[in-house]
Amino acid sequence: MNELWQGDIMYGPYLIAFIDDASRLITNAQFFWEQNYTAVQMTLVLFVLCHIVYLPDCDIIFA
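Residues numbered from 1 in each chain as written. Predicted model: local features only at pLDDT ≥ 70, side-chain atom pairs only at ≥ 80, totals over all residues. Heavy atoms only, no water.

Visitor: I tried to follow the overall build of the protein chain on my own but got confused; where do I start?
Guide: Helix and strand counts for the protein chain stand at two helices and three strands. Out of the 63 residues in the protein chain, the part that is buried amounts to 22%. Carbon and sulfur atoms make up 62% of the accessible area of the protein chain, which amounts to about 4,800 Å² in all. (Helix = DSSP H or I, 4+ residues; strand = E, 2+ residues; numbered from the N terminus. Buried < 20%, exposed > 50% of the residue type's maximum accessible area, 1.4 Å probe, protein only. Areas by Shrake-Rupley, 256 points an atom, 1.4 Å probe, with all protein chains shown as cover.)

Visitor: Honestly, the environment of Met10 in this entry has me stumped. Any pointers?
Guide: Examined against the element boundaries, Met10 turns out to sit in strand β1 (residues 5-10). When the C-alpha atoms of Met10 and Gln35 are compared, they prove to be 9.6 Å apart, with 25 residues separating the residues in sequence. For Met10, the contacting residues outside a window of four places in its chain are Leu15 and Phe31. (Contact = heavy atoms within 4.5 Å.)

Visitor: Honestly, the sheet that holds strand β2 (residues 14-20) in this entry has me stumped. Any pointers?
Guide: Spatially, the three strands line up as an open sheet ordered β1-β2-β3, and their pairing is antiparallel. Of all strands in the sheet, those with a lone pairing partner are β1 and β3 (26-32), marking the two edges. Shown here is a sheet whose adjacent strand axes are inclined to one another by a mean of 10°, direction ignored. Where β2 meets β3, six bridges bridge the pair, whose relative direction is antiparallel. Within the sheet, the bridge partner assigned to Tyr14 lies in β3 and is Phe32. (Pairing = 2+ DSSP bridges. Axes fitted to C-alpha atoms, helices over the stretch in contact; angles between N-to-C directions.)

Below, the structure is given as structure tokens:
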């Protein structure tokens, strides 16, 4: 697990998600109004803050 992630973007309000390739676990997903580098970077930064630093209620804090 966590050896390879797949990224995907769904259109509408843009849903940017990263999925673990082996387990298909959604490691992080966020909605954004724009599809750009900053949105992808923010999705990864929020994953690191929520899981490495361990903020159990991270969805509430960054909503």
